[in-house]
Amino acid sequence: MSTTTFIKKTLGLETVEPGVTPPTNAEASFARKPKLSAGKSKKRDIPEGLWTKCPKCATMIFDKELDENLKVCAKCGHHFGIGARERIHALVETCSFEEMDAQMVSVDALTFTGVAAYTDKLEEYQKATRLKDAVITGVGKVGEHRVALGVMDFSFLGGSMGSVVGEKLTRLIEAATEKGLPLIIISTSGGARMYEGMFSLMQMAKTCGALAYHDKARLPYVSVLTHPTTAGVMASFATVGDLIIAEPGAMIGFAGPRVIKDTTQAELPPGFQTAEFLVEHGLIDAIVPRKEMKEKLIYYLDFLAERMKKTAALG
Ligand SMILES: [Zn+2]
């Protein structure tokens, strides 16, 4: 069980013996919301790491409140990035998630040397994120439904898809096919992992091949696109879901707008490559705010499971 790694900060009172008056500074040890002062130097007055400024509405949000609100600005609804573990924690029923291939790591097949060696990069990100690679996969319960769930994490090398992301997702899809489970993949990615060259590009075909068998078994696949979902991931498993949903404001596209503009020499329409634009143009079926995601997924799974039963009954 790896979804419960969030450690609640202790209040510093656990060590006090029963019957002993708490130390006089006990109150100060509670995690209180520090005041924001309107001093001249904002840099000096705002304690670092406690407040986050919303890039959309410029509100200062207390980090604890932001975490409790699933990293969504309570004022304007801006969706901040969220880690894979936090997402899984918010979606699956407590203790129901069994992670698969948790220890799988990449090898430096091309002995890539650039600004930094690939192996050093991997080690650095593994330490910083406490993840082995950019996706977590496993089987868990969402509401009453047992589902195969894959969740990507942008904080690990920009959610890039190398051989580990591709292999873990392929194994997840194959397990879903074998066990007759619906599949949910939550994507966020900057694209293929350049450190792995062709091995990285091959993952596009591999994941889609496995999805074709899942589809052949008439099992549902819900793809959830989050900010940002681009390039190789967008061009493979992320956009072949039976149902494709996205979080509000998510940037979804193959190449960046500047590249497209330069190549086509055309003026791009306003809102190009946003979830809102794509829902209007038919690539995405629905936009679902993060706080409603679990409830909506259960609703979709209820519907799809009913269809599965009917199809099975028809033989
Ligand atoms: Zn905001």
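Residues numbered from 1 in each chain as written. Predicted model: local features only at pLDDT ≥ 70, side-chain atom pairs only at ≥ 80, totals over all residues. Heavy atoms only, no water.

Things to note about helix α4 (residues 118-129)
Piece 1. The end-to-end C-alpha separation of α4 is 16 Å, in line with the 16 Å expected for 12 residues at 1.5 Å each.
Piece 2. Among the residues of α4, Tyr-118, Lys-121, Leu-122 and Thr-129 are the ones counted as buried. For α4, the angular spread of the buried residues around the axis is 100°, confining them to a single face.
Piece 3. Two residues or fewer after α4 comes Arg-130, characterised by a positive phi angle close to 60°. (Helix = DSSP H or I, 4+ residues; strand = E, 2+ residues; numbered from the N terminus. Expected span 1.5 Å × (residues − 1). Buried < 20%, exposed > 50% of the residue type's maximum accessible area, 1.4 Å probe, protein only. Arc of directions from axis to C-beta.)

Considering the layout of surface pockets
Piece 1. Volume-wise, the second largest pocket comes out at about 240 Å³.
Piece 2. Surrounding the second largest pocket, Asp-215, Arg-218, Leu-219, Pro-220, Asp-242, Leu-304, Arg-307, Met-308 and Thr-311 form its lining.
Piece 3. Here the lining of the second largest pocket takes 4 residues from helix α10 (residues 293-314), the largest share from any one element.
Piece 4. Taken together, the residues of the lining of the second largest pocket break down into 4 nonpolar, 1 polar and 4 charged. (1 Å grid on protein atoms, 1.4 Å probe; cavity = no way out; pocket = protein on both sides within 12 Å on 5 of 7 lines; lining within 4 Å. Points joined across faces, edges and corners; volume = space filled by probe spheres on them. Nonpolar A, V, L, I, M, F, W, Y, C, P; charged D, E, K, R; others polar.)

A look at the coordination of the zinc ion
Piece 1. Coordination of the zinc ion by the protein involves Cys-54 (SG), Cys-57 (SG), Cys-73 (SG) and Cys-76 (SG), with metal-donor separations of 2.2 to 2.3 Å.
Piece 2. The site at the zinc ion holds 4 donor atoms, and with the angles between them running 107 to 114°, its shape is tetrahedral.
Piece 3. The sequence pattern formed by the donor residues of the zinc ion is C-x2-C-x15-C-x2-C.
Piece 4. Under the relative-accessibility criterion, Cys-54 is labelled buried at 1%.
Piece 5. Accessibility expressed as a relative area gives 26% for Cys-57, which makes it partly exposed. (Donors = N, O, S within 2.8 Å, 3.2 Å for Na, K, Ca; no water. Tetrahedral: all angles 85-135°; square planar, octahedral: opposite > 155°, others 65-115°.)

Remarks on the nonpolar core
Piece 1. Grouped together as the largest cluster of nonpolar side chains are 61 residues, with contacts concentrated most on Ile-184, Phe-237, Ile-245 and Ile-252.
Piece 2. Tallying contributions element by element places helix α5 (residues 163-179) first for this core, with 6 residues.
Piece 3. Once residues lying within four places of it in the same chain are set aside, the contact partners of Ile-184 are Val-147, Ala-148, Leu-149, Gly-150, Val-222, Val-224, Leu-297 and Leu-301.
Piece 4. Grouped together as the second largest cluster of nonpolar side chains are 5 residues, Cys-54, Ile-61, Cys-73 and Phe-80 included. (Core = buried A, V, L, I, M, F, W, Y, C linked by side-chain atoms within 4.5 Å. Contact = heavy atoms within 4.5 Å.)

Structural notes on the packing of aromatic side chains
Piece 1. In this structure the tally under the stated criterion is 6 aromatic pairs.
Piece 2. When the ring of Trp-51 is compared with that of Phe-62, the centres are 5.4 Å apart and the planes differ by 50°; the resulting orientation is tilted. With a gap of 11 residues between them, Trp-51 in strand β1 (residues 51-53) and Phe-62 in strand β2 (residues 60-62) connect regions that are remote in the sequence. Each member of the pair, Trp-51 together with Phe-62, is buried.
Piece 3. Taken together through their ring pairs, the aromatic side chains of Phe-112, Tyr-118 and Tyr-195 make up a single cluster. (Phe/Tyr/Trp six-rings, centres within 6.5 Å; stacked < 30°, edge-to-face > 60°.)

Let's talk about the side chain of Thr-207
Piece 1. With respect to the secondary-structure elements, Thr-207 resides in helix α6 (residues 197-216).
Piece 2. Judged by its relative accessible area of 0%, Thr-207 is buried.
Piece 3. With residues near it in sequence (within four places) discarded, Thr-207 still touches Gly-166, Leu-169, Thr-170, Ile-173, Ser-236 and Phe-237.

A few points about unusual backbone geometry
Piece 1. Omega for the bond connecting His-227 with Pro-228 falls within 30 degrees of zero, at -20°, which places this linkage in the cis form.
Piece 2. Residue placement: Pro-228 occurs in strand β7 (residues 221-230).
Piece 3. A positive phi angle, close to 55°, is found at Arg-218, a residue other than glycine.
Piece 4. Tracing the sequence through the fold places Arg-218 in the loop between α6 and β7.
Piece 5. The class of Arg-218 is exposed, set by a relative accessible area of 58%.

So, the environment of Leu-91
Piece 1. The residue Leu-91 is located in helix α3 (residues 84-91) in this model.
Piece 2. Its relative accessible area of 6% is what places Leu-91 among the buried residues.
Piece 3. Sequence separation between Leu-91 and Lys-291 is 200 residues; the distance between their C-alpha atoms is 9.9 Å.
Piece 4. If we skip the residues at most four places from it in the chain, Leu-91 touches Lys-141, Val-142, Ile-186, Met-293, Lys-294 and Leu-297.

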